[in-house]
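# Working through the structure, step by step
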Amino acid sequence: MPVATTSFLIFAASQVGTPGPANMVLMGTGARYGFRAALPFVAGVVLGKQLIIWPVGFGLMQVADQAPLAFEVLKYASAAYIFWLAWKIANLRLSRAAAEGNAPGFLSGLIVHPLNPKAWAMIIAGFTGFVAAGTSSFEATLTIALCLLFCQIVLHPIWTFAGDRIAHVVEGRPEEKYLMWTLASLTVASVLFVLFGGGTHS
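Predicted model, so just to flag it, every value in this text is computed and none were measured.

We now examine a nonpolar patch on the surface. On the surface, F58, F138, L142 and L146 cluster together to form a nonpolar patch covering roughly 410 Å² of accessible area. Broken down by element, the residue count for the nonpolar patch peaks at 3 residues, all from helix α9 (residues 137-170). Residue position: F138 is located in helix α9.

As a rule of thumb, nonpolar side chains are buried together in soluble globular proteins. Formed by 20 residues in total, the largest nonpolar core has its most connected members in F8, I53, I123, F127, I144 and L148. For this core, the secondary structure elements donating two or more residues are α1 (5-16), α4 (50-66), α8 (117-130) and α9. Residues contacting L148, with those up to four places away along its chain left out, are F8, A12, V16, K49, I53, M122 and I123. In terms of nonpolar packing, the next biggest core, distinct from the first, is built from 8 residues, A22, V25, F41 and V112 among them.

Moving on to the environment of A140. Position of A140 among the secondary structure elements: in helix α9. Remark: the alpha-carbon pair of A140 and W54, spanning 86 residues in sequence, is separated by 9.8 Å. If we skip the residues at most four places from it in the chain, A140 touches V3, F127, V131 and T135.

Time to look at the packing of α1 against α9. At a minimum axis distance of 9 Å, the contact between α1 and α9 shows a crossing angle of 35°. Crossing hand, α1 versus α9: right-handed. In this structure, α1 uses T5, F8, L9, A12, A13 and V16 to contact α9, whose residues at the interface are T143, I144, C147, L148, F150, C151, Q152, L155, H156 and W159. Among the residues making up the contact of α1 with α9, the classes are represented as 12 nonpolar, 4 polar and no charged.

The next subject is the packing of aromatic side chains. A full pass over the atoms with the stated rule returns 7 aromatic pairs. Taking the centre distance of 5.4 Å and the plane angle of 65° together, the rings of F8 and F130 count as edge-to-face. With a gap of 122 residues between them, F8 in helix α1 and F130 in helix α8 connect regions that are remote in the sequence. For the residue pair F8 and F130, the accessibility class agrees, reading buried in each case. On the numbers, 5.2 Å between centres and 35° between planes, the contact of F11 with F130 is tilted. Of this pair, F11 sits in helix α1 while F130 is found in helix α8, placing the two residues 119 residues apart along the sequence. Here a set of aromatic residues connected by ring pairs shows up, and it is made of F8, F11 and F130. The side chain of R32 reaches across the aromatic face of Y33, ending 5.7 Å from its centre.

We now examine the confidence of the model for the protein chain. Mean pLDDT over the protein chain: 78, with 78% of residues reaching 70 or higher. Low pLDDT, under 50, characterises residues 198-202; the predicted model gives this stretch 13 contacts beyond four residues in sequence or across chains.

The next subject is the side chain of T160. Secondary-structure assignment places T160 in helix α9. Assessed through its relative accessible area of 0%, T160 is described here as buried. Contacts of T160, omitting those with residues within four sequence positions, involve L26, G30, F35, A38 and V42.

Attention now goes to α8. If you check α8, its first and last C-alpha atoms are 20 Å apart, about what 14 residues at 1.5 Å a residue would give, namely 20 Å. Burial within α8 is extensive, with 11 of its 14 residues counted as buried. Taken together, the buried positions of α8 are P117, K118, A119, W120, A121, M122, I123, I124, G126, F127 and F130.

Reading guide: rules and limits
Residues numbered from 1 in each chain as written. Predicted model: local features only at pLDDT ≥ 70, side-chain atom pairs only at ≥ 80, totals over all residues. Heavy atoms only, no water. Patch = residues over 30% accessible without salt bridge, like charges linked within 9 Å, V, L, I, M, F, W, Y side chains within 5 Å. Areas by Shrake-Rupley, 256 points an atom, 1.4 Å probe, with all protein chains shown as cover. Salt bridge = Lys/Arg side-chain N within 4 Å of Asp/Glu carboxyl O. Helix = DSSP H or I, 4+ residues; strand = E, 2+ residues; numbered from the N terminus. Core = buried A, V, L, I, M, F, W, Y, C linked by side-chain atoms within 4.5 Å. Buried < 20%, exposed > 50% of the residue type's maximum accessible area, 1.4 Å probe, protein only. Contact = heavy atoms within 4.5 Å. Axes fitted to C-alpha atoms, helices over the stretch in contact; angles between N-to-C directions. Left-handed = near helix turned anticlockwise from the far one by under 90°. Nonpolar A, V, L, I, M, F, W, Y, C, P; charged D, E, K, R; others polar. Phe/Tyr/Trp six-rings, centres within 6.5 Å; stacked < 30°, edge-to-face > 60°. Lys NZ or Arg CZ within 6 Å of the ring centre and 35° of its normal. pLDDT = per-residue confidence, 0-100. Expected span 1.5 Å × (residues − 1).

Here it is in structure tokens:
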């Protein structure tokens, strides 16, 4: 097969379903604003990955190979953005009354994956590890895109809903600030692991 679809689906589910910058942000958003209010943000996060997949599939990595310094700058700028999101999560408290109507929207979610080093690493690994030589760019990109879209539609809402449920337990309690700092710390740790643990494209 031009694309090892079953193997890639297993790989994609393991990546999309495990802790990472996007999932930590989704969990924090669900905890802060509630599951329903966070859904536009979730939709933006889901579709935002397509903004990476298609350019990569049609040769963006050739540009990265020709300008490695620019790629490094992008990688660390992306990490800085996720760190900023983590700082916001750490300092939020779970008052739903105060948060009502203020949840980040679709456009805010749309930029999470393009600025997420784990997403770049996952997509690049998909093209380099699961696509047979000689496969057309369109066929490979469409397959990778649909597999990741399916995994995200299933798994990203689960992380958001988990944050919502956890918030109901700790809202207004002393444990609340520890939850938010834990989510923020996990976000930072996931980015550091991707950057320095061998998970990014080199």
